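# What the coordinates show
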Amino acid sequence: MSVSIGIHDLSFATGEFVLSHAALAEHNGTDLGKYHVGIGQQSMSVPAADEDIVTMGAAAAAPIIARHGKSQIRTVVFATESSIDQAKAAGVYVHSLLGLQSACRVVELKQACYGATAALQFALGLVRRDPTQQVLVVASDVSKYELDSPGEATQGAAAVAMLVGADPALLRIEEPSGLFTADVMDFWRPNYREAALVDGQESITAYLQAVEGAWKDYTEQNGRPLEEFAAFVYHQPFTKMAYKAHRHLLNFCGHDTDADAIGRALGQTTAYNAVIGNSYTASVYLALAALLDQADDLAGRALALLSYGSGSVAEFFSGTVVAGYREQLRTEANRAAITRRTPVDYAGYRALHERAFPSDGGDHYTPAQTTGPFRLAGISGHKRVYEAR
Ligand code: HMG
């Protein structure tokens, strides 16, 4: 009998501040309807000066370690596309902040927003090889576009941590996976740039093509028929994108694209992303958290997940929700991670957006802004200095 493997626990963290789309619209003269209805976004998380992918990643993972301990974790996979170092994996800092055992492999993975799904799939393989081991997957990103560009409304920041193991308490991941890769320049960030470059309309087209391609392969791998899924969990660069994607998939499969049915299939997946914004690698797993936190009992039901990363790579896969999963949820903590954010005005957000460390190798300290459990104290001799609060 094959071992059941999947997501045993899931926790997330986001930035200290929040910028409302109302404040952005007031600054740039955009009709607020475009943000609230057109792209389906209410607000976006903005990291404090002393937060980054490491502090958010460690904050997301700490409650998992507190609940399950460290002894079975022999691998940490950190997925990000807002990497802070070209050589050292951000996960090594997280490993240190969490005090994980030295008998552990730590690595960073990248392929735009898709990286966390690669991490999850690799984790499943490791656990299959030795079901006594657990893998800590951390997906952490800060989404940054140019100020005053169309992409600005689709920024955000968050980290999701997932414990992957045998006999999971939340979601059993199923074997068939639909895969798709195409070399497209829809969104990219050369090493010398802080903000991503994007061809907005091209990126939407590329996402839809990837949904189609990944689904086609999923059916060829003998995946489930569409009708079996209780809900569809999509990568959400902005929440309206999930609706576009699902309509496209239904059209492709020759199904009705009834707005109410689409709403029922997706509606409960968007609550966190609508107020956090694009968190790149974390986005699809924030959508999963929102669904599990809000839906009526999903025990035994199949969920579809579609992970997309520009450039582009996509994967369509599925999971079955485990009986008793509700006792493991972190609904209250998840909601608190969102409500604890402090609103920032447009000028304050802009100042944070423009902040960058000098590259002179000197000692540069960050103002103490975050109220989270970990902070980036500064940079000294080109070394990032983190501290637990
Ligand atoms: P834009 O040019 O500012 O907006 O770009 P628009 O003119 O396309 O309008 C957006 C929607 O608002 C349209 O609806 C308008 O009709 C509607 P649609 O036709 O799409 O259904 N609208 C209104 N609705 C109500 N009231 C109004 C109103 N006015 C207009 N008054 C865009 C929007 C998302 C392209 C831009 O923000 C952008 O470039 N964002 C970044 C790229 C992105 O998020 N792409 C998504 C797919 S790629 C992806 O998911 C990967 C990614 O996460 C990165 C990674 O993988 O690493 C980005």
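Residues numbered from 1 in each chain as written. Predicted model: local features only at pLDDT ≥ 70, side-chain atom pairs only at ≥ 80, totals over all residues. Heavy atoms only, no water.

From N to C terminus, the chain includes 12 helices and 17 strands. Taking 389 residues into account, the globule formula puts the C-alpha radius of gyration at 21 Å, and the chain, at 20 Å, falls close to it. Expressed along its principal axes, the backbone C-alpha trace of the chain runs to roughly 55 × 55 × 40 Å. In the chain, of all internal contacts separated by at least 6 residues, the share reaching a separation of at least 24 is 75%. Total accessible area on the chain stands at roughly 15,800 Å², and carbon and sulfur atoms take up 50% of it. Positive and negative charge centroids in the chain, built from 31 and 42 side chains respectively, lie 5 Å apart. (Helix = DSSP H or I, 4+ residues; strand = E, 2+ residues; numbered from the N terminus. Rg over C-alpha atoms; globule rule 2.2 N^0.38 Å. Contact = heavy atoms within 4.5 Å. Areas by Shrake-Rupley, 256 points an atom, 1.4 Å probe, with all protein chains shown as cover. Lys, Arg positive; Asp, Glu negative; His and termini not counted. Charge placed at Lys NZ, Arg CZ, Asp CG, Glu CD.)

Inspection of every chain in the model, using the stated rule, returns 13 salt bridges. Here the salt bridges do not stand alone but share partners, grouping Asp9, Arg67 and Arg330 into one network. (Salt bridge = Lys/Arg side-chain N within 4 Å of Asp/Glu carboxyl O.)

The domain boundaries assigned to the chain delineate domain 1 (5-172 + 329-388) and domain 2 (175-323). For domain 1 versus domain 2, the separation of C-alpha centres amounts to 20 Å. The partner domain 2 presents 51 residues to the 58 residues of domain 1 that form the contact. Summing both partners gives a buried area of about 4,200 Å² for domain 1 against domain 2, and 57% of it is carried by carbon and sulfur. Where domain 1 packs against domain 2, one counts three salt bridges. With a shortest N-O distance of 2.6 Å, arginine 193 and glutamate 146 are connected by a salt bridge. Where domain 1 meets domain 2, there are 34 residue pairs in polar contact (both at pLDDT 80 or more). The set of elements that each furnish at least two residues to the side of domain 1 that touches domain 2 consists of strand 1 (5-14), helix 2 (32-38), strand 3 (43-46), helix 5 (115-129), strand 6 (134-143), strand 7 (156-166), strand 8 (171-181) and helix 11 (331-339). (Domains from an automatic or database assignment. Buried area = accessible area lost by both parts, 1.4 Å probe. Polar contact = N/O pair within 3.5 Å; in protein donor to acceptor, adjacent residues only side chain to side chain.)

In this section: the layout of surface pockets. Here the second largest pocket defines a volume of roughly 720 Å³. Looking at the second largest pocket, it is lined by 37 residues, and the ones nearest its centre are Pro150, Gly151, Thr154, Gly200 and Phe238. Elements supplying a minimum of two residues to the lining of the second largest pocket: helix 1 (21-28), helix 2, strand 10 (197-198), helix 6 (200-220), helix 7 (239-252) and strand 12 (302-309). In terms of residue class, the lining of the second largest pocket is built from 18 nonpolar, 13 polar and six charged. (1 Å grid on protein atoms, 1.4 Å probe; cavity = no way out; pocket = protein on both sides within 12 Å on 5 of 7 lines; lining within 4 Å. Points joined across faces, edges and corners; volume = space filled by probe spheres on them. Nonpolar A, V, L, I, M, F, W, Y, C, P; charged D, E, K, R; others polar.)

Tyr285 and Leu288 are the most contacted members of the largest nonpolar core, which has 50 residues in total. For this core, the element with the highest residue contribution is helix 10 (residues 283-294), accounting for nine residues. Shared between two domains, this core takes at least three residues from each, and those domains are domain 1 (5-172 + 329-388) and domain 2 (175-323). Among the nonpolar cores identified, the runner-up in size contains 45 residues, and Phe232, Phe316, Val344 and Tyr346 belong to it. (Core = buried A, V, L, I, M, F, W, Y, C linked by side-chain atoms within 4.5 Å. Buried < 20%, exposed > 50% of the residue type's maximum accessible area, 1.4 Å probe, protein only.)

With that settled, consider the packing of aromatic side chains. In total, this model carries 12 aromatic pairs according to the counting rule given. Seen from their ring centres, tryptophan 215 and phenylalanine 316 are 5.0 Å apart, and the 75° between their planes marks the pair as edge-to-face. Separated by 101 residues along the polypeptide, tryptophan 215 in helix 6 and phenylalanine 316 in strand 13 (residues 313-321) bring together distant segments of the chain. Exposure class is identical for tryptophan 215 and phenylalanine 316. Each is buried. In textbook terms, an aromatic cluster arises when at least three aromatic residues are bridged by ring pairs, as seen for Trp215, Tyr218, Phe229, Phe232 and Phe316. (Phe/Tyr/Trp six-rings, centres within 6.5 Å; stacked < 30°, edge-to-face > 60°.)

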